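Each chain, letter by letter, is given below.
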Amino acid sequence: MEFFKIRKDIPFMRHALTFNIISFVTFLIAVVFLAWKGLNFSIEFTGGLIAEARYEEVVDIDPIREAMLKLGIKEPHVQTFGTSRDVLVRMSVKDSEMPEFTSPNKETGKVEFDREKFKNTVLTAPSPKVTVQRVEFVGPQVGRELAENGALALLITSLGIVIYLAFRFEWKFGIAAIIANLHDVVIILGFFSIFQWEFSLPVLAAILAILGYSVNESVVVADRIRENFRKMRRAPVHEIIDNAITRTMSRTIITHGSTQLAVLSMLLFGGAALHYFAVALTIGILFGIYSSVLVMAPLVMWLGVRREDLVKPLPGNKD
């Protein structure tokens, strides 16, 4: 299926060096901000308080969020889960120690989190008919383990991509694809660092999804390059790659465009719970298109891919 057909190949590889310089500068900016400002980790990674509440009727969470803002909590985390009557509230350790939420323990004398004060101060904002189901503190040790496991997941995924492409095509494609995909990951992390958006488990899931999404586009382009080496036997490498990218453009616009529409609907109508998940996917899809076409393909050319790497010559055939 094609919306349009480009008759003449677009000379992408003529500007390959320019594309690589742009990619390197963008990558470098992201790395600098990550080293300078770091990431704004969510409570899952840093530790904090998690409270679950159940209402007797469908609840609007906006009054809860507004009540927390009035108390001075800058980024209140409130969302429904399971049903529209169940609400999950998350706070940092510092916010949970506010006088509005604490009182001295009569037995020990220590100041502790008071479930009733928290309920009366925040949870009754939309409706007084509410029951506190659970209040738990997540320690920083758990958050450290989540961060380590997340980094391990990224590493394993990246190695898997290299091995897969090296076996299916050739090692040059594996190296080029992983550099392009890690370029996407660092760019996403760079955006979250520059604007200090909250980095949570859903965002990590979005990054892992983008890795798989980008490698799919890289496989499509690589497969067309291999096919062109069989068909365009007299053409130089840069023309073969130009043709491969040009012939996949219609498919790229259809698949990525339809996916972007779905992600955009999550971004606009998904609410606070899906906001940064959708933001990460939006950035990743846009840069995934760019990297698969204008980062991976030039790198394959710079690495010196040849027809002999992908097409086995027939016995006695020197062509």
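Model, not experiment: these values are computed from the prediction.

K.L.:
How do you make sense of the overall build of the protein chain when you look at a structure like this?
P.N.:
Along the protein chain, the regular secondary structure elements total twelve helices and eight strands. In terms of overall dimensions, the protein chain has a C-alpha envelope of 90 × 40 × 35 Å along the principal axes. Taking all 319 residues of the protein chain together, 43% fall into the buried category. Contacts spanning at least 24 positions in sequence make up 75% of the contacts within the protein chain whose residues lie at least 6 apart.

K.L.:
Is there a simple way to explain the sheet that holds strand β7 (residues 130-138) in this structure?
P.N.:
Through backbone hydrogen bonds, the strands of a sheet pair up, either in parallel or in antiparallel fashion. What the four strands build is an open sheet, ordered β3-β4-β2-β7; its pairing is antiparallel. One side of each edge strand has no neighbouring strand; the edge strands of this open sheet are β3 (77-81) and β7. Sheet twist, expressed as the average angle between the axes of neighbouring strands with direction ignored, equals 20°. In the sheet, β3 pairs with strand β4 (residues 83-92) via five bridges, with the strands oriented antiparallel. In the sheet register, Val78 faces β4, and the bridge partner there is Val89. With respect to the sheet, helix α3 (residues 62-70) is in contact with β2 (48-55), β3 and β4, its orientation differing from that of β4 by roughly 20°.

K.L.:
Any chance you could explain the nonpolar core here in plain terms?
P.N.:
Generally speaking, nonpolar side chains in soluble globular proteins are found buried as a group. Within the largest apolar cluster, 53 residues are counted, with the highest numbers of intra-cluster contacts made by Met13, Phe173, Ile207, Ile225, Ile245 and Met296. When residues of this core are traced back to their parent elements, those giving at least two are α1 (16-36), α6 (140-168), α7 (171-194), α8 (201-231), α9 (237-269), α10 (272-294) and α11 (296-302). In terms of residue count, the dominant contributor to this core is α8 (twelve residues). Excluding residues within four positions of it along the chain, Met13 makes contact with His238, Ile241, Asp242, Ile245, Ala297, Pro298 and Met301. Ile61, Val78, Leu123 and Val135 belong to the second largest nonpolar core, which has 22 residues in total.

K.L.:
I keep staring at the packing of aromatic side chains and nothing clicks. Help me out?
P.N.:
Aromatic ring pairs are reported here in terms of the distance separating the ring centres and the angle at which the planes meet. The final tally for this structure, using the stated rule, is 13 aromatic pairs. Ring geometry for Phe101 and Phe113: centres 6.4 Å apart, planes at 50°, overall tilted. Of this pair, Phe101 sits in the loop between α4 (93-96) and β5 (102-104) while Phe113 sits in strand β6 (residues 111-113), and the two are twelve residues apart along the sequence. Sitting over the face of the ring of Trp36, Lys37 holds its NZ or CZ atom 6.0 Å from the ring centroid.

K.L.:
Would you take a moment to explain the packing of α7 against α8 for this structure?
P.N.:
For any two helices packed against each other, the geometry is given by the interaxial angle and the distance between the axes. Relative orientation of the contacting elements α7 and α8 amounts to 145°, with a least axis distance of 10 Å. The two elements α7 and α8 cross, and the hand of that crossing is right-handed. When α7 is examined against α8, the residues Phe173, Ala177, Asn181, Asp184, Val185, Ile188, Leu189 and Phe192 are found in contact with a partner set consisting of Val203, Ile207, Ile210, Leu211, Ser214, Val215, Ser218, Ala222 and Ile225.

K.L.:
When you look at the pairing of β4 in this model, what are you seeing that I'm missing?
P.N.:
Successive residues of a regular strand alternate their side chains across the two faces of the sheet. Bridging between β2 and β4 involves seven bridges; their strand directions are antiparallel. Note that in β4 the partner of Gly48 across the bridge is Ser92. Remark: one residue form the turn of the hairpin made by β3 and β4, two consecutive strands paired antiparallel; Gly82 in that turn has positive phi of roughly 75°.

K.L.:
Please explain the pattern of salt bridges as it appears in this structure.
P.N.:
Should the charged atoms of two oppositely charged side chains come close, the side chains can pair. Under the counting rule described, the total for this entry stands at eight salt bridges. Several salt bridges converge on common partners, so that one network encompasses Glu52, Arg134 and Glu136.

K.L.:
What's the story with unusual backbone geometry in this structure? I'm lost.
P.N.:
With the exception of glycine, the majority of residues adopt a negative phi angle, and the majority of peptide bonds are in the trans configuration. In this structure, Gln196 takes a positive phi of about 55° despite not being glycine. Assignment of secondary structure puts Gln196 in the loop between α7 and β8 (198-199). The exposure class of Gln196 is partly exposed, given its relative accessible area of 28%.

Here is what the cut-offs are and how they apply
- Residues numbered from 1 in each chain as written.
- Predicted model: local features only at pLDDT ≥ 70, side-chain atom pairs only at ≥ 80, totals over all residues.
- Heavy atoms only, no water.
- Helix = DSSP H or I, 4+ residues; strand = E, 2+ residues; numbered from the N terminus.
- Buried < 20%, exposed > 50% of the residue type's maximum accessible area, 1.4 Å probe, protein only.
- Contact = heavy atoms within 4.5 Å.
- Pairing = 2+ DSSP bridges.
- Axes fitted to C-alpha atoms, helices over the stretch in contact; angles between N-to-C directions.
- Core = buried A, V, L, I, M, F, W, Y, C linked by side-chain atoms within 4.5 Å.
- Phe/Tyr/Trp six-rings, centres within 6.5 Å; stacked < 30°, edge-to-face > 60°.
- Lys NZ or Arg CZ within 6 Å of the ring centre and 35° of its normal.
- Left-handed = near helix turned anticlockwise from the far one by under 90°.
- Salt bridge = Lys/Arg side-chain N within 4 Å of Asp/Glu carboxyl O.

The values reported here are purely geometric and, on their own, carry no functional implication.
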